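So the chains spell out like this:
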Amino acid sequence: MAEILLNSITRISSIRGGSDTTKKSDDEDRYSRQLYTLGARAHSLVRSASMIIDGPPSSGLLYECVKNLALSGVGRIVLLDRSSSSLSESKSSCDDSESEYEDELESDIIHYHNPTMDDLGNAYMLGAQKEWELINPNSYSNNKRNSNPIDLTPIQLLKEYIIRLNPGIQVDILALGNDNLSFSTIAKRTEILKEELLKHKNPVFLCIDRPQSVQIIWNTICHSMGGMKDQSKNTNKNENLLLPFVSLETAGVYGRLFCDFGNNFYVVDEDGETPKSTLIQKVVPIQQKQQQHHHQQQDDNDMLPSNLEKDFNHKTILKVKCVEGESHDVSKGDWIQFDACSGEFFEVLYIQNPTSFTIQYIPKSNELHMDTNVHGANQQHQQQANEISLCTLLKQLNGESTSSSSTTISFSRIKIPKKINFLSFKKHYNNTKKTDDQKTNDLDIFAASDLDKSFDTNRRSAIMSSFMALEKFVNIYGYLPSNSKRKKRIKKNKMSISTENCKEEEEEVDDINVFLDLAQATPKFGQSSSSSSSFNESWNQIVKTFGKCAKGKFTPVQALYAALGAQEALKAATGLYNPVKQFILYDCDEILSEGAATATATQKLSSSSTMQEVPLPKGISYILGKSMSKALSSQRIFVVGSGAIGCEILKNLAAMGAGLNNGSGCIHVTDMDTIEKSNLSRQLLFRDADVGEFKSVAAKSSIQRLNPNVNLVAHTTKVGDNHENHMTMPNDDIAGTKAVTSFDHTFWSHGIDMVLNALDNVEARLYIDSQCVTNKKGLIDAGTLGPKGNVQVVVPNQSESYGSSVDPPEPAIPVCTLKNFPYEISHTIQWGRDLFDGLYNRRPTQFNAFREAMSSMNTSEYADSLIKTFGEDASIDAANEISQDYSDIIEEENCLGNQSRTEILREASLKWAAQLAKKLFDENIRALLSQHPKDSFDDEGQPFWAGTRKVPKPLVFRAKMQRIDGTIEDSVNQHLIEFVRFGARLRMENFLSDSFGNDSTFLSDVTEESAETALLKVFSAAEDGNHSCIANQHENNSIRLRVVKTLTSLCARNSTKLNPIEFEKDDDSNGHVAFITAASNLRAICYGISPVDGMETRRVAGRIVPAMITTTGFVSALSCIEMIKLLQNRSLNLYRNAFINLALPFFAFTAPLPPEGRRGLGGEAYTIWDRIIIKESEKSSSAGGLTLRKFIKRIEKKTRGHSSISTEVCSISFGPYMLYANFLHEGDDSLLDTSIIALVKEALISDDDNLDLDDDMHALNIENLADVEKQELRLIDQKPFIDLSVSVEDLSTNEEVELPPVRFVKW
């Protein structure tokens, strides 16, 4: 029998995309953004992980979860195929001890999931099929248009989809035979299954959309896999892990997830955050008499006690004080480590304030201390036999040790691995059946997902009982419950195993009442079985609501749980982030409460064209009602951005049937970016072949495979003030209006109904927000940062806007810190990035500008322009740079002898780069120390080199025989070689001209040996005093004369034009990141800052935002849920803003805030949604436009009619331009008789000094204006309105009040 079972576990196929030699390169290109989220250690574990997955192959939840895992780059996905098994599973149990609940284990799996009601699954399968047809056109049967490709089963279709989604992962299918194997048979032979599973490295098991009984069986089998060694983790603590198990399922708008990672699971890093390095002012011991009250504040001037050796021991409490301006990030119980004494740990005892706290030394004999070492916090402890002298240690911390290399010491938090114990699903289930006095508390097994719902034990119990009742209902009736009464066939005598003894009878069944009875008969999770409130009205209502919608699958809930499930599986594989312990429940049943479509949606439904209606998705139609589904299909939705979030939103919208081709529906998507390789790890709509294409165009093709009925219009234009006239729209009508030609007022007011933001910058978000407020459109904004994400809903007339509470910008690094006093690695990286831009972009651009200017002006005139533009000191530096660049060109062009121009250029570039290195890291540092010696004091008598000021050290390049491998000097040498090598190469690229042709292979000739030779020449050369002599010669000359003298000798008119270089972070072959890394690390070593690798340099220099597909999928799902509420026109308290952190995990949902009221006339309040409308009449328009005088009268009449208060207009402004002020223009008839539009135009061009304004604006020659001014005037002419700011004086109180925005509408 064992042999039969072994033969039944057959591998149908195994395909691995990519070779081992290409995997590293593919990882760096494809997963770069994920690497910055997970880190190299966790990412390598993800790449080696095997995900073993059981679930219906047509399940949208399964497709979505697998998609997330595939894009995350797991090494292997194993799909369990039960399609050849019997459709109806017989009664099963794992062992004899389970016979007490074997009735609950029966499940008709095929009926537990209804494919026709799974909109997301249908969309995925159709998209996979269409994609397969494109690649294999001959495999499709033309006479079976609605069937799968004739040579693929559903599980094979899923496999092919995964391979095309990410060719770099291995996909296996394990068929569970065709001999009617039951789960009990598999469970009794776990050793055979173990043999198969042991072939997979770092495995995790996922059970998706299966009944509870199946989840329990698989979870029990995973528990029997004890002893499987996980060789991928560098720790001996996780060697005996059980096979980690994750199960997830959804029913309607409800869902649940369960995790079991075994009894000894270690979380290596709970949050994934990089600990902050904080500079300290001093560390002092608290005296013996104060140690009982060490939380009390001490005098900040406490000095080290004279009897330190006598009184100080391992139990002494120390007080840490941060330097001024610095705050710590530690909490009570954290461990910290000081850079001055690496390898010694301290525990935080008490937080006194943001700048000080108390600590205590942790001896190396501490067991947790040793555990920390095992998990990689610090390995050198194990090699140290003796405890360090704490007296010596304290002196090191205060910079008083002679061995201390710096006067400034810093500390950082240490990540301590945390052990978590999990229980099996079976144990939790059995616990619910015990009596109250035998039960263990199960309240702590539910992770909070919603502050309003998660702590409601009544709701929790109802939902858990509903999932159990759902399986029982399917077992009895063979289908999922629905909200109807009808005669149905039911099975009798279910206790019999033989199907011959089962009879079917017809009876009328009220599904929901039967479902409620079944739920009431289930054991209760998180609630006492004897509680009088077990079946209260609220409990019953939740169960009924669950039963009514359980038949359908709601796409956003599926996407949300798939993101959560994939993230938990990655946690199990890596030990990174806190796992869910152990159940998590989330629902959005508020969308099922009484409500109807908005008036706009209803009107569109009744006035839709006579076009034949396209079919609506069945799942969402069943859950929300057909009328709401039709309203959604007729919506005109604007998705701004088609990157990671945009792709997920578009996929959800397509599955939900939004914006269909039914005469009115439409989805607009715009994105000006093109697809890069790094996008492929989190943007599901793109494939490797799409790299280089516009994102929005490629997204449209993919979406139309998922749902051909979606009317999607793709744009490649940026949205913003300066881009309102640059977009080409289709010629067909949009919702019955005239076709628009830009993102103009017509588009915003009549072309769309709501906006979903998928942007990555605040500026664009603020613009979109302003347009939504102006045109009263609903807005949903989403964003992510690694495992963190947020969603904000802007509800017209009800909530505040995005701009009402935007986060402040990140503080810029002070110039003095960058230039002379860095103390963090981010400072040196930014310095390196600025150096790159200055040397290879600004300087060539500056030289080219000089070269062109010399054709139209003399040297004196150009010197004047330099001084005017840059100032005196900067103009001298610019002149010297131009002179040096010109000299190198002349040297290269005048090459003599056998040397080629390439060789001359290479030698000159190497010499230039080596001289630059000596200047930056030796001469400049010596000059700074000469100006401020190590023991100097500032103007206030305090040590100059204190606080955040680190004493720098000049660097010297040494020959090979003078240095020892592995030392700091060896590191300096290697960084200097890299600096010169890549610096010279980039310099050569600047001078690359057409005369070199297309052959640039000479760039690779800048070798390490040539860089080392150049450095030795420069650093070994004797000091040359000519520079100081030259400086002295110029001391008495004026700045202007010095600039002129420097430039006069240059004949730049005939020189070669230089090539500026733009920084490109994602191409390692160009040497950009390598140069900045070398420059940054050399400067860091100068200032005693720990260097970093190129990966971290790329992140900071390239301002890369860490990202991962799971967070993206989660926030996109929340966006689509809130979109439904906007469509339903819900009250404000039912909407939810969200902040989530999948690492912790943490979920915070809050209702949007109402708009802030602003005081208006008579004490009345108005909000950002209020407007005063002034419409121009046809008569005024014919007479040249509404004049300022008439406009003022209309305003005063409006305010008087509204509040019965007499007012006088004080001022009128258009943006930053003042058009009218009563104290200046009250009697100015010329101004008062000018039209409003003419005044606005005059204000826009008033800054042009070269323009002579005419009183008659119609006589203005627009060709004399700059391009920006021309664009602004065109916008004024094209917009049907302008918004003005008006303030008035209340004549009864003499108080000046600002009115709501006044919109002047043209005729």
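Worth saying up front: this structure is predicted, and the values here are computed from it rather than measured.

Asker: So what exactly am I meant to see when it comes to the overall build of the protein here?
Answerer: Scanning the protein from terminus to terminus reveals 45 helices and 35 strands. Expressed as a percentage of its 1307 residues, the buried residues of the protein come to 56%. A separation of at least 24 residues holds for 74% of the contacts in the protein among residues at least 6 apart in sequence. When the accessible surface of the protein is split by element, carbon and sulfur atoms take 48% of a total near 57100 Å².

Asker: Before we go on, may I ask you to explain helix α16 (residues 425-432) in this structure?
Answerer: With respect to burial, α16 is a largely interior element, 6 of its 8 residues being buried. All buried positions along α16 are accounted for by Phe 425, Lys 426, His 428, Tyr 429, Asn 431 and Thr 432.

Asker: Could you clarify how one ought to interpret the environment of Val 509 in this entry?
Answerer: Assignment of secondary structure puts Val 509 in strand β18 (residues 503-510). Among the residues examined, Val 509 registers a relative accessible area of 2% and is labelled buried. Spatially, the C-alpha atom of Val 509 lies 5.8 Å from that of Lys 485, the residues being 24 residues apart in sequence.

Asker: Which parts of the structure should I look at to understand the packing of aromatic side chains?
Answerer: For any two aromatic rings, the description comes down to two numbers: the centre-to-centre distance and the angle of the planes. Tallying each qualifying case throughout the model produces 46 aromatic pairs. When the ring of Phe 836 is compared with that of Phe 1063, the centres are 5.6 Å apart and the planes differ by 75 degrees; the resulting orientation is edge-to-face. Taken together, the residues span a long stretch of sequence, with Phe 836 in helix α29 (residues 825-853) and Phe 1063 in the loop between α36 (1039-1048) and α37 (1072-1086) at a distance of 227 residues. Ring plane angle 25 degrees and centroid distance 5.5 Å describe the contact between Phe 1114 and Phe 1147, whose orientation is recorded as stacked. Taken together, the residues span a long stretch of sequence, with Phe 1114 in helix α39 (residues 1109-1128) and Phe 1147 in strand β27 (residues 1146-1150) at a distance of 33 residues. Phe 1147 shares its class with Phe 1114; the two are buried. Here a set of aromatic residues connected by ring pairs shows up, and it is made of Phe 205, Trp 218, Phe 245, Phe 258, Phe 425, Phe 446, Phe 525 and Phe 583. If you follow Lys 918 out to its NZ or CZ, it ends over the ring of Phe 1019, 5.7 Å from the centre. For Arg 981, the ring lying beneath its charged end belongs to Phe 982, and the centroid distance is 5.3 Å.

Asker: Sorry if this is basic, but what is going on with the pairing of strand β22 (residues 712-715) here?
Answerer: Every regular strand shows the same layout, with side chains that alternate between the two sheet faces. As paired strands, strand β21 (residues 666-670) and β22 are joined by 4 bridges and run parallel to one another. If you follow Ile 667 over to β22, its bridge partner there is Leu 712. Once the chain exits β21 it traverses helix α25 (residues 695-706) before rejoining the sheet at β22, and the crossover so formed is right-handed.

Asker: When you look at a negative patch on the surface in this model, what are you seeing that I'm missing?
Answerer: Where like charges cluster on the molecular surface, the negative patch consists of Asp 29, Asp 673, Glu 676, Asp 760, Glu 1064 and Asp 1067. Note that Glu 1064 resides in the loop between α36 and α37.

Asker: Quick question: what am I supposed to make of the pairing of strand β4 (residues 170-176) here?
Answerer: Of all the 7 residues making up β4, 7 are buried; the element is thus mostly covered by neighbouring parts of the structure. Side chains of β4 alternate between two faces, with Gln 170, Asp 172, Leu 174 and Leu 176 and Val 171, Ile 173 and Ala 175 buried alike.

Asker: Could you clarify how one ought to interpret a positive patch on the surface in this entry?
Answerer: Taken together, Lys 1175, Arg 1194, Lys 1197, Lys 1198 and Arg 1200 make up a surface patch of like positive charges. With 4 residues, the top contributor of residues to the positive patch is helix α41 (residues 1188-1203).

Asker: Just checking my understanding: could you explain helix α20 (residues 555-574) for this structure?
Answerer: What sets the pattern is the α-helix's 3.6 residues per turn: residues three or four places apart point alike. With 20 residues, α20 should reach 28 Å at 1.5 Å per residue; the first-to-last C-alpha distance of 29 Å fits that figure. Across the 20 residues that make up α20, a large majority, 20, are buried. Positive backbone phi, approximately 75 degrees, marks Gly 575, located one or two places after α20.

Asker: Whenever I open this one, the side chain of Asp 271 confuses me. Can you help?
Answerer: The topology assignment puts Asp 271 in the loop between β8 (265-267) and β9 (278-285). Within the structure, the side chain of Asp 271 is placed 3.0 Å from the backbone nitrogen of Glu 273, a separation counted as a polar contact. When residues no more than four places from it in sequence are discounted, the contact partners of Asp 271 are Arg 413, Lys 415, Tyr 577, Ala 1143 and Leu 1144.

Asker: Explain the sheet that holds strand β26 (residues 1137-1141) here, please?
Answerer: Each strand in a sheet pairs with its neighbour through backbone hydrogen bonds, running either in the same direction (parallel) or in the opposite one (antiparallel). Strand order in the open sheet formed by 8 strands is β22-β21-β20-β23-β24-β25-β26-β27, with mixed pairing between adjacent strands. Two strands in the sheet have a free side with no partner beyond their single neighbour: β22 and β27. When the angles between neighbouring strand axes are averaged without regard to direction, this sheet yields 10 degrees. Sheet analysis places strand β25 (residues 788-794) next to β26, joined by 4 bridges and oriented antiparallel. The residue bridging Val 791 from the neighbouring strand is Ala 1138, located in β26. The sheet contacts of helix α27 (residues 762-775) involve β20 (636-640), β23 (754-757), β24 (778-785) and β25, and relative to β24 the element is tilted by about 165 degrees. Sheet strands in contact with α39 are β20, β23, β24, β25, β26 and β27, and its direction is about 170 degrees off that of β24.

Asker: Looking at this structure, I do not really get the pattern of salt bridges. What am I missing?
Answerer: Pairing between side chains becomes possible if they bear opposite charge and their charged atoms approach one another. Evaluation of the coordinates by the stated rule reveals 39 salt bridges. The closest approach of N and O atoms between Arg 1159 and Glu 1295, which form a salt bridge, is 2.8 Å. Of the two residues, Arg 1159 is situated in strand β28 (residues 1158-1159) and Glu 1295 in strand β34 (residues 1295-1298); the sequence distance between them amounts to 136 residues. One salt bridge connects Asp 1283 with Arg 1303, and the closest N-O pair in it is separated by 2.9 Å. Within this pair, whereas Asp 1283 is found in strand β33 (residues 1281-1290), its partner Arg 1303 is found in strand β35 (residues 1302-1305), the two being separated by 20 residues in sequence. You can call Asp 1283 partly exposed: its relative accessible area is 26%.

What counts and how
- Residues numbered from 1 in each chain as written.
- Predicted model: local features only at pLDDT ≥ 70, side-chain atom pairs only at ≥ 80, totals over all residues.
- Heavy atoms only, no water.
- Helix = DSSP H or I, 4+ residues; strand = E, 2+ residues; numbered from the N terminus.
- Buried < 20%, exposed > 50% of the residue type's maximum accessible area, 1.4 Å probe, protein only.
- Contact = heavy atoms within 4.5 Å.
- Areas by Shrake-Rupley, 256 points an atom, 1.4 Å probe, with all protein chains shown as cover.
- Phe/Tyr/Trp six-rings, centres within 6.5 Å; stacked < 30°, edge-to-face > 60°.
- Lys NZ or Arg CZ within 6 Å of the ring centre and 35° of its normal.
- Pairing = 2+ DSSP bridges.
- Right-handed = clockwise from strand over helix to strand, strands pointing away.
- Patch = residues over 30% accessible without salt bridge, like charges linked within 9 Å, V, L, I, M, F, W, Y side chains within 5 Å.
- Salt bridge = Lys/Arg side-chain N within 4 Å of Asp/Glu carboxyl O.
- Lys, Arg positive; Asp, Glu negative; His and termini not counted.
- Charge placed at Lys NZ, Arg CZ, Asp CG, Glu CD.
- Expected span 1.5 Å × (residues − 1).
- Polar contact = N/O pair within 3.5 Å; in protein donor to acceptor, adjacent residues only side chain to side chain.
- Axes fitted to C-alpha atoms, helices over the stretch in contact; angles between N-to-C directions.

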